[in-house]
Amino acid sequence: MTLYGVGLGPGDADLVTVRGRRVLEEADVVYSPGRLSRSVATEHVPEDRIGDVDFPMTRDEDELRRAWKEAAAEIAPRAREGTAAFVTLGDPNVYSTFGHLRRTLSAFHPEVELDVVPGVSAVTAFTTALGVEISSGSSVALHEAARGAAPTGPDRMVLFKVTDVPATHERLTDAGYDVVYGRRLYMEQGETVVTDDPEALSERDYYTLAYAEKRDVDSEPATATFEERTRERRSDGEPATTDGGPRGGAESERGRTASGRTPTRVEREELAEGEACGDEPAEVQSR
Ligand SMILES: C[S@@+](CC[C@H](N)C(=O)[O-])C[C@H]1O[C@@H](n2cnc3c(N)ncnc32)[C@H](O)[C@@H]1O
């Protein structure tokens, strides 16, 4: 019937989505490509429903193709006769082994239907773990940075596979970036570390990512001005009001149409939605 690619999230069993959990509970067999994904899956699936197949861990392309053909030949009949799932950490379509399986199945077993359940990816989970806000209007690039690599260019970057933190750190700081690292975020297995000290992460651990931001990057969201208020409140010990207060100056100008008339409710909603997504608010046409 169907093979589901299920994203398990970063590692904590309770970060599997409700849909992902339902698919795992209902699947006849669940294949996992690694030890970590297996340990998350078995929080939701009994061991006797975990499928047995070897997944290739090689860089040799011929060997890789041969091994994925073998894996697909094992999985395809189970997915034809019933429901099978293939789990990956994070999201199945972000730097994941699921892509190899999907391509091999559609080439050699096109009768197998595929369905993907997205997972909480480290690409987004890092923000909460590292206390980073990607505010409206900013751009972020995703790169790999294995073996000391330090890609540069965009103002904000998420770097995966940071296996030599001190080397990557030195290059990025020389290039003008501030860098924060996260290791084993939301992972029950192993110690979670969030730090900007490269020496604390000098030991290699594949489950390490970095967030790099150009030192002079300048993007102030509208509510950044409230942070001054929060700081004052903390230093005075006085409560600060948080209702936003009366809007004035440029902000109230933004709420006007090109002709100066007050926008309709629908126009106001469109402006607000555009701002919320970081879009340039479209000029409201006067009628
Ligand atoms: C092959 S990619 C898998 C990404 C995964 N499919 C996802 O969507 O998060 C593995 C890389 O993702 C990052 N990563 C994944 N999970 C992580 C976690 N829980 N904590 C820190 N980094 C993680 C690390 O940089 C690691 O080298």
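Everything numeric here is computed off the predicted structure, so don't read it as measured data.

(A) Region of interest: the overall build of the protein chain. When helices and strands are tallied, the protein chain shows nine helices and nine strands. Scored against the burial criterion, the 287 residues of the protein chain give a buried share of 29%. For the protein chain, long-range pairs separated by at least 24 residues make up 62% of all intrachain contacts whose partners lie at least 6 apart in sequence.

(B) Representation of unusual backbone geometry. The phi angle at K161 is positive, at roughly 55 degrees, despite the residue not being glycine. Examined against the element boundaries, K161 turns out to sit in the loop between strand 6 (156-160) and helix 6 (165-174). For R184, which is not glycine, the phi torsion reads 50 degrees and is therefore positive. With 21 C-beta atoms packed within 10 Å, R184 lands in the buried category.

(C) Summary view of the pairing of strand 1 (residues 2-7). Here strand 1 lies mainly inside the structure; five of its six residues are buried. As defined by bridge partners, strand 1 adjoins strand 3 (residues 83-88) across six bridges and the pair is classed as parallel. Along strand 3, the bridge assignment pairs Y4 with A85.

(D) How the structure looks around the packing of helix 3 (residues 61-81) against helix 4 (residues 98-108). Running from amino to carboxyl end, helix 3 crosses helix 4 at an angle of 70 degrees, the nearest separation of the two axes being 9 Å. Considering the angle they form, helix 3 stands roughly perpendicular to helix 4. Along the contact surface, helix 3 presents W68, K69, A71, A72 and A76, while helix 4 presents H100, L101, T104, L105 and F108. For the contact of helix 3 with helix 4, the residue count by class is seven nonpolar, two polar and one charged.

(E) Just the sheet that holds strand 3, in detail. An order of 2-3-1-4 is seen for the four strands of this open sheet, with the pairing classed as parallel. This sheet does not close on itself; its edge strands, each paired only once, are strand 2 (29-31) and strand 4 (113-117). Adjacent strand axes in the sheet meet at a mean angle of 25 degrees when their direction is disregarded. As paired strands, strand 1 and strand 4 are joined by five bridges and run parallel to one another. From the neighbouring strand, L3 faces strand 4, where its bridge partner is L114. Strands in contact with helix 1 (residues 18-26) are strand 1, strand 2, strand 3 and strand 4; relative to strand 1, the strand with the most contacts, it is inclined by about 135 degrees.

(F) Seen up close, the site of the ligand. In the region of the ligand, 25 residues are neighbours, and P10, G90, V94, S121 and A122 sit closest. Listed by contribution, the elements that provide at least two residues to the shell around the ligand are helix 5 (122-130), strand 7 (177-183) and strand 9 (208-214). Across the shell around the ligand, the residue classes tally to 14 nonpolar, seven polar and four charged. Split by domain, the residues of the shell around the ligand number at least three in each of domain 1 (2-120) and domain 2 (123-214).

(G) A look at the environment of D54. As for its placement among the helices and strands, D54 is situated in the loop between helix 2 (35-41) and helix 3. Separated by 21 residues in the primary sequence, D54 and P33 have C-alpha atoms spaced 7.7 Å apart.

(H) Up close: the sheet that holds strand 6. What the five strands build is an open sheet, ordered 5-6-9-7-8; its pairing is mixed. Each edge of the open sheet carries a strand with a single partner, namely strand 5 (141-144) and strand 8 (193-195). Each adjacent strand pair in this sheet contributes to an overall mean axis angle of 20 degrees, direction not counted. By the bridge criterion, three bridges tie strand 7 to strand 8 in an arrangement that is antiparallel.

(I) Local environment of the nonpolar core. Counting 29 residues, the largest nonpolar core has L3, V6, L24, A27, V30, A84 and A85 as its most contacted members. In terms of residues, this core owes the most to one element, helix 3, which gives five residues. Not counting residues up to four positions away in its chain, the partners in contact with L3 are I75, A79, A84, F86, L105, V112 and L114. Listed in part, the 24 residues of the second largest apolar core include V120, A145, V162 and Y211.

(J) Inspection of the environment of M1 at higher detail. Assignment of secondary structure puts M1 in the segment before strand 1. Taking the C-alpha atoms as reference points, M1 and A79, 78 residues apart in sequence, are found 5.5 Å from one another. Each residue touching M1, except ones within four places of it in the same chain, is listed here: A79, G82, T83 and E113.

(K) Quick look at the confidence of the model for the protein chain. Overall, the prediction assigns the protein chain a mean pLDDT of 85, with 83% of residues at 70 or greater. Note that residues 239-258 has pLDDT below 50 and, in this model, 15 contacts with residues that lie over four places away or in other chains. Considering only residues more than four positions removed or in separate chains, one finds that residues 274-287, a stretch of pLDDT under 50, has 22 contacts.

About the thresholds
- Residues numbered from 1 in each chain as written.
- Predicted model: local features only at pLDDT ≥ 70, side-chain atom pairs only at ≥ 80, totals over all residues.
- Helix = DSSP H or I, 4+ residues; strand = E, 2+ residues; numbered from the N terminus.
- Buried ≥ 20, exposed ≤ 12 C-beta atoms within 10 Å, placed from the backbone.
- Contact = placed C-beta atoms within 7 Å.
- Pairing = 2+ DSSP bridges.
- Axes fitted to C-alpha atoms, helices over the stretch in contact; angles between N-to-C directions.
- Parallel < 35°, antiparallel > 145°, perpendicular 65-115°, else oblique.
- Nonpolar A, V, L, I, M, F, W, Y, C, P; charged D, E, K, R; others polar.
- Near = placed C-beta within 6 Å.
- Domains from an automatic or database assignment.
- Core = buried A, V, L, I, M, F, W, Y, C linked by C-beta atoms within 7 Å.
- pLDDT = per-residue confidence, 0-100.

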